[in-house]
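# Survey of secondary and tertiary structure
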Amino acid sequence: MPVPMLAANWKMNCLADESAELARSVVEGCAGLKGRDVLLAAPFTSLHVVARELAGSSVSLAAQDMFWEQSGAWTGEVSAEMIVDAGCSHVVIGHSERREHFGETDYTVARKVAAAHAAGLIPLLCVGETLAQREAGQTAEVVERQLRGGLFEFEQAGFASLLLAYEPVWAIGTGHTASSEQAEEVHAGLRTVLADMSDTDTAAGIRILYGGSVKPDNVDELMACPNVNGALVGGASLKAEDFLRIVHHREQSGVI
Ligand code: PGA
């Protein structure tokens, strides 16, 4: 079983001071943490200050997006190299909010994933269906298309470190979490596709995170699913206490 990854997605929240304070609390709450990895996806403007807070800790830093070109006349864009320079080891790519509001497609996702890998960043690729697609019975087909499309230009060598997040669009920020059965079914399907794209051993080691209204009171059940290897947490990651409860999920029972 891969080591679980608990990732915070702060989205467009937190000024620099607030980011530093939140990161500091997470670092304190993760002291001595074993058997799980923690990642903070901060807004671009906070990356430098958060990197300073995370220095010397086991908590990693991610950007929430990037552009695939290396440099040049791309007003408003941020390159992989800039993100690395700001202290990031990871980058979130293809979040549904970017697909929905900013015209992200499987093609742009694929280019970003490939460029991230080439720059030494670990991509956290997000896939997920809308409510209409779920109700039409298209969930498996949609997430497979997003996965294959997003990894179209990705090199086999990157598969082992790749992070994948299944985030049903209808569960993001809505308070409607997928049931553990729904999550497990999609995660198992994604792993089968990953095995087809690489091999069974590699696919078994890829962490597939669940995202969409993960909270302190539902994380234990979700993390009990064999194919759920972590969580990508939006709203509940903005309160250190809640996020740390999620990081420390299931510890009381000694399950992990
Ligand atoms: P949420 O967001 O936890 O607020 O639903 C998750 C995400 O969008 O990554």
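Scroll up a little and you will see the structure.
Source: prediction; values computed, not measured.

## Focus on the sheet that holds strand S8 (residues 230-233)
An order of S1-S2-S3-S4-S5-S6-S7-S8 is seen for the 8 strands of this closed barrel, with the pairing classed as parallel. In this sheet, neighbouring strand axes are inclined to one another by 25 degrees on average, regardless of whether the strands run parallel or antiparallel. Of the pairings in the sheet, the one linking strand S7 (residues 207-211) to S8 comprises 2 bridges and is parallel in character. Bridge pairing in S8 links Tyr-210 to Ala-231.

## Brief notes about the pairing of strand S6 (residues 163-166)
Burial along S6 is two-sided: the face carrying Leu-163 and Ala-165 and the face carrying Leu-164 and Tyr-166 are both buried. Judged from the 4 bridges that link them, strand S5 (residues 122-127) and S6 form a sheet pairing that is parallel. In the sheet register, Val-127 faces S6, and the bridge partner there is Tyr-166. Two strands pair when backbone bridges link them, and S6 and S7 are joined in this way by 4 bridges, in the parallel orientation. Bridged to Leu-164 within S7 is Ile-208.

## Brief notes about the pattern of salt bridges
This structure, assessed with the given rule, holds 11 salt bridges. With a shortest N-O distance of 3.1 Å, Arg-24 and Glu-53 are connected by a salt bridge. Placement of Arg-24 in helix H1 (residues 16-29) and of Glu-53 in helix H2 (residues 47-54) is noted, with a sequence separation of 29 residues between them. Overall, the relative accessible area of 39% leaves Arg-24 in the partly exposed class. The shortest N-O distance in the salt bridge between Asp-65 and Lys-112 comes to 3.0 Å. Of this pair, Asp-65 sits in the loop between strand S3 (59-63) and helix H3 (80-85) while Lys-112 sits in helix H5 (residues 106-118), and the two are 47 residues apart along the sequence. Residue classification places Lys-112 among the buried positions, given a relative accessible area of 7%. Three or more residues are tied together by salt bridges with common partners; here these are Asp-65, Arg-98, Glu-104 and Lys-112.

## Quick notes on the site of the ligand
Around the ligand, 13 residues are found, and the nearest of them are Lys-11, His-95, Glu-167, Gly-173 and Ser-213. The separation between an oxygen atom of the ligand and a polar side-chain atom of Glu-167 is 2.7 Å. Taking Gly-173, its main chain carries an N or O atom lying 2.6 Å from an oxygen atom of the ligand. Protein contact buries 97% of the 280 Å² of open area that the ligand shows by itself. Of the residues that constitute the shell around the ligand, the class distribution is 4 nonpolar, 7 polar and 2 charged.

## Notes on the pairing of S8
Covered by surrounding structure in S8 are Gly-230 and Leu-232 together with Ala-231 and Val-233, the residues of both alternating faces. Where strand S1 (residues 5-9) and S8 come together, 4 bridges link them in parallel fashion. Considered in S8, the bridge of Ala-8 is made with Val-233.

How each quantity is defined
Residues numbered from 1 in each chain as written. Predicted model: local features only at pLDDT ≥ 70, side-chain atom pairs only at ≥ 80, totals over all residues. Heavy atoms only, no water. Pairing = 2+ DSSP bridges. Helix = DSSP H or I, 4+ residues; strand = E, 2+ residues; numbered from the N terminus. Axes fitted to C-alpha atoms, helices over the stretch in contact; angles between N-to-C directions. Buried < 20%, exposed > 50% of the residue type's maximum accessible area, 1.4 Å probe, protein only. Salt bridge = Lys/Arg side-chain N within 4 Å of Asp/Glu carboxyl O. Near = heavy atom within 4 Å. Polar contact = N/O pair within 3.5 Å; in protein donor to acceptor, adjacent residues only side chain to side chain. Areas by Shrake-Rupley, 256 points an atom, 1.4 Å probe, with all protein chains shown as cover. Nonpolar A, V, L, I, M, F, W, Y, C, P; charged D, E, K, R; others polar.

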